[in-house]
Amino acid sequence: MSLPKIVSPQEWQIAHEKLLAREKEVTRILDALAAERRRQPMVAFEKDYVFVTAAGDKVGLADLFDGQRQLIVYHFMMEAGSDHRCPGCSAVADNLPHLEHLEQRDTRLVLVSPAPQAQLQEYRERMGWPLKWLSCDQEFNDDCGAGAGSTLSVFLRDGEKVYRTYFTGARGLDKLRLDLNLLDLTPYGRQEFWEDSPEGWPQTAPYQWWRPRDEY
């Protein structure tokens, strides 16, 4: 297996400081992007969407905020009656932290899927997730642009009025996964073919190594 070049401590420090300067530059770019995101306009979500809780109660979109002003919704891929358990969505749920820190900033996070609660809770209990996971109708996913995929939506509540402020999917979800962000700090990275790595680095097809954590 190929290895990174071995250099003296002095050479390593020079290379590291060069990389650090680039990282700080990118951080400033990300800060500017976040500032732009905070200024993005929003759109009203006014339909009477119905969600079903683990207790079987039917609630509306405004109820998902549970009194908070901001709501982050992760659209977890799971269709009614399907035996497929999305490894990517499972990894996102595995990597989500205790949510008390979010709640101190007036923000709630929930999972939603267009599948019945019995199906959701069976998998939730298997994986040991403490997260709130609600059944939604497909119309909500479609109106959010999620379709049948894994995506993330952000909402803001003003009284009983709800507005969507942000939406992302695909690589935009990477920031939710601590495991991928940690791998990005390592010499071999995620070890997937699409990465720009030196010749001889270990690499496999993207995503195919992902499994629900109890299936590795």
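Higher on the page you've got the structure.
All figures in this text were calculated on a predicted structure; none of them were measured in a lab.

Enquirer: Quick one: what's the story with empty space enclosed by the protein, residue by residue and with numbers?
Expert: Under the definition given, this model contains 2 cavities of 30 Å³ or more. Taken as a whole, the largest cavity holds about 40 Å³ of empty space. For the largest cavity, the full set of lining residues is Phe76, Met77, Met78, Glu79, Pro114, Asn141, Gly147, Ala148 and Gly149. Class assignment of the residues belonging to the lining of the largest cavity gives a composition of 5 nonpolar, 3 polar and 1 charged. One number sums up the size of the second largest cavity: a volume of about 30 Å³. Lining the second largest cavity are Ile72, Val73, Tyr74, Val92, Leu96, Leu109, Leu152 and Leu176. Broken down by element, the lining of the second largest cavity gets its largest block of residues, 3 residues, from strand 4 (residues 70-75). Tallied by class, residues from the lining of the second largest cavity come to 8 nonpolar, no polar and no charged.

Enquirer: Explain the sheet that holds strand 6 (residues 133-136) to me, and be specific about the residues and the numbers.
Expert: Adjacent strands of a sheet pair through backbone hydrogen bonds, lying either parallel or antiparallel. If you trace the 8 strands from one edge of the open sheet to the other, you get 1-8-7-4-5-6-2-3, paired in mixed fashion. Each having just a single partner strand, strand 1 (43-44) and strand 3 (58-59) make up the two edges of the open sheet. Sheet analysis places strand 2 (residues 51-52) next to strand 3, joined by 2 bridges and oriented antiparallel. When the sheet's bridge partners are listed, Phe51 is paired in strand 3 with Val59.

Enquirer: Lay out the side chain of His75 in plain terms, naming residues and giving numbers.
Expert: With respect to the element layout, His75 can be found in strand 4. On the basis of relative accessible area, His75 is assigned to the buried category, the value being 0%. There is a polar contact of 2.7 Å between the side chain of His75 and the side chain of Asn141. Here the side chain of His75 touches Ser153 through a polar contact of 2.8 Å, side chain to side chain.

Enquirer: Mind laying out the packing of aromatic side chains, listing which residues take part and the relevant values?
Expert: Following the criterion strictly, the structure yields 14 aromatic pairs and no others. With a centroid separation of 6.4 Å and an interplanar angle of 85°, the aromatic rings of Tyr74 and Phe76 are classed as edge-to-face. Comparing Tyr74 with Phe76 shows no difference in burial state: the two are buried. Chaining the aromatic ring pairs together yields one cluster made of Phe45, Tyr49, Phe51, Phe140 and Phe155. Above the plane of the ring of Tyr166 lies Arg37, whose end atom (NZ or CZ) is 5.1 Å from the centre.

Reading guide: rules and limits
Residues numbered from 1 in each chain as written. Predicted model: local features only at pLDDT ≥ 70, side-chain atom pairs only at ≥ 80, totals over all residues. Heavy atoms only, no water. 1 Å grid on protein atoms, 1.4 Å probe; cavity = no way out; pocket = protein on both sides within 12 Å on 5 of 7 lines; lining within 4 Å. Points joined across faces, edges and corners; volume = space filled by probe spheres on them. Nonpolar A, V, L, I, M, F, W, Y, C, P; charged D, E, K, R; others polar. Helix = DSSP H or I, 4+ residues; strand = E, 2+ residues; numbered from the N terminus. Pairing = 2+ DSSP bridges. Buried < 20%, exposed > 50% of the residue type's maximum accessible area, 1.4 Å probe, protein only. Polar contact = N/O pair within 3.5 Å; in protein donor to acceptor, adjacent residues only side chain to side chain. Phe/Tyr/Trp six-rings, centres within 6.5 Å; stacked < 30°, edge-to-face > 60°. Lys NZ or Arg CZ within 6 Å of the ring centre and 35° of its normal.

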